[in-house]
2 protein chains.
Amino acid sequence: MATPNISMTHASIPSTVSITATNERGETVDVEISGEHPLTLYFDKKELLTLMTLGAQPEALALGWLRNQRLVKSAEEIAAIHVDWETESVAVSSRQLQETGVTVWENSEKEARLNKKTTTSGCGQGTVFGDLMEDLDQVQLSNAHGISQEVLYEVMDRVRKHESIYKQAGAVHGCALCSNSGDSRGDILLFVEDVGRHNAVDAIAGQMWIHGLQGDDKIFYTTGRLTSEMVIKCAQMGIPVLVSRSGLTQMGYEIAKKLGITMIGRCQGKHYLLYTGQHRFNTLEFGQFA
Amino acid sequence: MATPNISMTHASIPSTVSITATNERGETVDVEISGEHPLTLYFDKKELLTLMTLGAQPEALALGWLRNQRLVKSAEEIAAIHVDWETESVAVSSRQLQETGVTVWENSEKEARLNKKTTTSGCGQGTVFGDLMEDLDQVQLSNAHGISQEVLYEVMDRVRKHESIYKQAGAVHGCALCSNSGDSRGDILLFVEDVGRHNAVDAIAGQMWIHGLQGDDKIFYTTGRLTSEMVIKCAQMGIPVLVSRSGLTQMGYEIAKKLGITMIGRCQGKHYLLYTGQHRFNTLEFGQFA
């Protein structure tokens, strides 16, 4: 997968701001908090939604959102992603619009998908669900790259040591895309934090397209819970291994089981729980590091 | 505020299910996980959205969602809330529909509000934002009930000791409505958990209407982060004191400051940070329990 030729801004903004608070001893203290900025997404001149974001990777977030909503099928469809913080907006333009002057919305299927979006939810509330379920039957996750306990511990260790906004300011979720092949096995390839865990996973999806990365030989790590949406997005990105510090919900479990994704949660210290997709886990190594 | 006369089901479902997982020693273990069920909300026969919920308080969730979206101005507008898990739906009917046969949707303002909803977001993604901001200028939070460090510690202690799905299964957020007046000061009046923190706060909003509770002499506790939406919903419910175990985001801070809400975060053990609304905090008691 080649890196696509997209005209892009690189408009990341500072991730933390400093405020003062009063602690339990009545002392005034300086506190770093996570930035949170509205960013209204336009695709071929149509306003889609306003995302609340940390603003670290707005271009990847916009691209990944369109990808994970499956409004765009490949990065090649996109000509430009321009973020303007003055107007708190990101304008994404299709290659079709650039070349023919015709917007993607003249395609009625996209319009229908967008309308479906508005009446469904996930993450508890508000985000897309029914829509994401649609194409799941077509998802085939690769079995070519298993994961061993050793690599899992490597991923957990690297994520723990990674510099993060979370350590400075809290109140964000992080996602990492890690290698699961070759000499780089266990390495963090992409790391994104955002105020919402859905933004973080969408920004990873965008980065994967920007850098031409496939999902089959990767491990996806999230600090967030393993809800239905997290599992679905991971599967849509073609990543067969999903790892989290947190636990899972019933729908997340059921969908993971159905998809055969290897899902590992409650990763803390040397502890973890392997919930689904045991066939990719190298059981010979169980207990080696425990 | 009297308890409204609403015809309601009481269709809560078990909050956890048991699954098996494999731990780091290769042992098969039984694990409790949080339930997560789609629940499609219909209001006067119009399908609004599908919520993913734990299902503990579906009627209150539906009512509170309508309240917090300000599609309903008072509980008196509602005649019935019927949950049917067979069809995974909750049907809310207005008194207007019952009495005149005319749905609330013939009121174009509601329709417009609903359409606005679909293009905005919060919580990172997908939930309503622009919409919620609209009436904030009209919000006046009471200064009649201050909070002392002693009461704050009482609230933190009671929430910590409260029986919860979180302790059993994790992967849920909890909210508590606590008293801030009279002999019950510091007591938990309502406690709701759900897979999304927005569902939990909406269910509290619904319960407040069902039980005829005002917000001015209450404290709102959440395990979730203090994002813009959490602050806005708390203010819309008329609750002047917002407490969280977690931290805050920039928008949450800015809106709390603007509204003059007393916002306290990072509540752990005897530690906390008072971010905004210092005028309601009894500073004489600082350090008394530290």
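The rules behind each value
Residues numbered from 1 in each chain as written. Chains lettered and ligands numbered in written order. Predicted model: local features only at pLDDT ≥ 70, side-chain atom pairs only at ≥ 80, totals over all residues. Heavy atoms only, no water. Helix = DSSP H or I, 4+ residues; strand = E, 2+ residues; numbered from the N terminus. Buried < 20%, exposed > 50% of the residue type's maximum accessible area, 1.4 Å probe, protein only. Contact = heavy atoms within 4.5 Å. Axes fitted to C-alpha atoms, helices over the stretch in contact; angles between N-to-C directions. Parallel < 35°, antiparallel > 145°, perpendicular 65-115°, else oblique. Nonpolar A, V, L, I, M, F, W, Y, C, P; charged D, E, K, R; others polar. 1 Å grid on protein atoms, 1.4 Å probe; cavity = no way out; pocket = protein on both sides within 12 Å on 5 of 7 lines; lining within 4 Å. Points joined across faces, edges and corners; volume = space filled by probe spheres on them. Pairing = 2+ DSSP bridges. pLDDT = per-residue confidence, 0-100. Expected span 1.5 Å × (residues − 1). Polar contact = N/O pair within 3.5 Å; in protein donor to acceptor, adjacent residues only side chain to side chain. Phe/Tyr/Trp six-rings, centres within 6.5 Å; stacked < 30°, edge-to-face > 60°. Lys NZ or Arg CZ within 6 Å of the ring centre and 35° of its normal.

### Some points on the overall build of chain A
Of regular secondary structure, chain A possesses 9 helices and 13 strands. Within chain A, the fraction of its 290 residues that count as buried is 64%. Sequence-distant contacts in chain A: of pairs separated by 6 or more residues, those separated by 24 or more amount to 58%.

### Focus on helix H8 (residues 228-236) of chain A
Residues and elements named next belong to chain A. Along H8, 9 of the 9 residues are buried, which leaves the element largely enclosed by surrounding structure. Listing the buried residues of H8 in full gives Ser-228, Glu-229, Met-230, Val-231, Ile-232, Lys-233, Cys-234, Ala-235 and Gln-236. Downstream of H8 by one or two residues, Gly-238 has phi in the positive range, about 75°.

### Here we look at the packing of helix H8 (residues 228-236) of chain B against helix H9 (residues 250-259) of chain B
Residues and elements named next belong to chain B. Where H8 contacts H9, the axes come no closer than 7 Å and their chain directions differ by 25°. Classified by the interaxial angle, the pair formed by H8 and H9 is roughly parallel. Contacts between H8 and H9 involve Ser-228, Val-231, Ile-232 and Ala-235 from the former and Met-251, Gly-252, Ile-255, Ala-256 and Leu-259 from the latter. Looking at the contact of H8 with H9, its residues break down into 7 nonpolar, 2 polar and no charged.

### Brief notes about the layout of surface pockets
Its boundaries defined by the atoms lining it, the largest pocket holds a volume of some 1,100 Å³. Lining the largest pocket are 41 residues; nearest its centre among them are Tyr-166, His-173, Thr-223, Arg-245 and Ser-246 of chain B. Of all the elements in the fold, those that place two or more residues in the lining of the largest pocket are helix H7 (197-210) and strand E12 (262-268) of chain A together with helix H5 (149-161), helix H6 (165-169), strand E8 (173-179), strand E9 (188-194), helix H7 (197-210) and strand E12 (262-268) of chain B. Looking at the lining of the largest pocket residue by residue, the class counts come to 10 nonpolar, 20 polar and 11 charged.

### Thoughts on the pairing of strand E6 (residues 78-84) of chain A
All names here are of chain A. Of all 7 residues in E6, 5 are buried, a share of seventy percent or more. Of the strand pairs in this sheet, strand E1 (residues 7-8) and E6 are connected by 2 bridges, and their pairing is parallel. Residue pairing in the sheet places Ser-7 in a bridge with Ala-80 of E6. Direction of pairing for E6 relative to strand E7 (residues 89-94): antiparallel, over a ladder of 6 bridges. From the neighbouring strand, Ala-80 faces E7, where its bridge partner is Ser-93. Where E6 hands over to E7, the hairpin turn is made up of 4 residues, of which Glu-88 adopts a positive phi near 50°.

### Quick look at the confidence of the model for chain A
Residue and element names in this part refer to chain A. Confidence along chain A averages 86 in pLDDT terms, with 87% of residues attaining 70 or more. Confidence drops under a pLDDT of 50 for residues 117-130, and excluding neighbours within four residues, the segment shows 63 contacts in the predicted structure. The ipTM assigned to the predicted complex is 0.81, against a pTM of 0.85.

### Describing the sheet that holds E7 of chain A
Read from one edge to the other, the open sheet built from 5 strands follows the order E1-E6-E7-E4-E5 (chain A), with strand pairing classed as mixed. Each edge of the open sheet is held by one strand with a lone partner, namely E1 and strand E5 (46-53) of chain A.

### Some points on H7 of chain A
A rise of 1.5 Å per residue sets the reference length of H7 of chain A, with its 14 residues, at 20 Å; its end C-alpha atoms lie 20 Å apart and thus fit the reference within 8%. Most of H7 of chain A sits out of view: 14 of its 14 residues are buried.

### Here we look at the side chain of Asn-199 of chain B
Of note, Asn-199 of chain B is situated in helix H7. Separated by 2.7 Å, the side chain of Asn-199 of chain B and the backbone oxygen of Met-52 of chain B make a polar contact.

### Considerations on the sheet that holds strand E4 (residues 37-43) of chain B
The strands that make up a sheet pair up through hydrogen bonds in the backbone, lying either parallel or antiparallel. Residues and elements named next belong to chain B. Within the open sheet, the 5 strands sit side by side as E1-E6-E7-E4-E5. Their pairing is mixed. If you trace the sheet from one side to the other, it starts and ends with strand E1 (7-8) and strand E5 (46-53), each paired once. Judged from the 7 bridges that link them, E4 and E5 form a sheet pairing that is antiparallel. Paired with Tyr-42 across the two strands is Glu-47, which belongs to E5.

### Thoughts on the environment of Lys-270 of chain B
Residue and element names in this part refer to chain B. On the secondary structure map, Lys-270 appears in the loop between E12 and strand E13 (271-276). On the accessibility criterion, Lys-270 (42% relative accessible area) is partly exposed. Sequence separation of Lys-270 and Gln-57 is 213 residues, and the distance between their C-alpha atoms is 32 Å.

### Structural notes on the environment of Glu-24 of chain B
Along the chain, Glu-24 of chain B falls in the loop between strand E2 (16-23) and strand E3 (28-34). By relative accessible area, Glu-24 of chain B is classed as buried at 6%. Considering only alpha carbons, one finds Glu-24 of chain B and Leu-48 of chain B, 24 residues apart in sequence, at a separation of 43 Å. A distance of 2.5 Å separates the side chain of Glu-24 of chain B from the side chain of His-271 of chain A, its partner in a polar contact. A polar contact is formed between the side chain of Glu-24 of chain B and the backbone nitrogen of Tyr-272 of chain A, at a distance of 3.2 Å.

### Some remarks on the packing of aromatic side chains
Per the counting criterion, the structure on display carries 6 aromatic pairs over all chains. Geometrically, the ring pair formed by Phe-43 of chain B and Trp-105 of chain B is edge-to-face, given 5.7 Å between the ring centres and 80° between the ring planes. Placement of the pair is Phe-43 of chain B in strand E4 and Trp-105 of chain B in the loop between helix H2 (95-100) and helix H3 (108-117), with a sequence separation of 62 residues. Judged on exposure class, the residue Phe-43 of chain B and its partner Trp-105 of chain B are both buried. With 6.0 Å between their ring centres and 70° between their planes, Tyr-153 of chain B and Tyr-272 of chain B make a pair best called edge-to-face. Of this pair, Tyr-153 of chain B sits in helix H5 while Tyr-272 of chain B is found in strand E13, placing the two residues 119 residues apart along the sequence. Residue Tyr-272 of chain B is classed as buried on the basis of its relative accessible area of 1%. Among the aromatic residues, ring-to-ring pairing joins Tyr-153, Tyr-272 and Phe-281 of chain A into one connected group. Here the guanidinium or amino end of Lys-270 of chain A rests over the ring plane of Tyr-153 of chain A, the centre of that ring lying 4.4 Å away.

### Remarks on empty space enclosed by the protein
Residues and elements named next belong to chain B. Tallied over the entire structure, the rule returns 2 cavities of 30 Å³ or more. Space inside the second largest cavity adds up to approximately 40 Å³. If you go around the second largest cavity, the residues you meet are Thr-53, Leu-54, Gly-55, Ala-56, Gln-57, Pro-58, Leu-61, Val-192, Glu-193, Asp-194 and Ala-203. Taken together, the elements giving at least two residues each to the lining of the second largest cavity come down to helix H1 (58-68) and E9. Ranked by residue count, the leading element in the lining of the second largest cavity is E9, at 3 residues. In terms of residue class, the lining of the second largest cavity is made up of 6 nonpolar, 3 polar and 2 charged.

### Here's the deal with the side chain of Ser-89 of chain B
Residue and element names in this part refer to chain B. On the secondary structure map, Ser-89 appears in strand E7 (residues 89-94). Residue classification places Ser-89 among the buried positions, given a relative accessible area of 14%. Of the polar contacts made by the side chain of Ser-89, one reaches the side chain of Thr-87; its length is 2.8 Å. The contacts of Ser-89, once residues within four sequence positions are left out, are Leu-39, Thr-40, Tyr-42, His-82, Val-83 and Asp-84.

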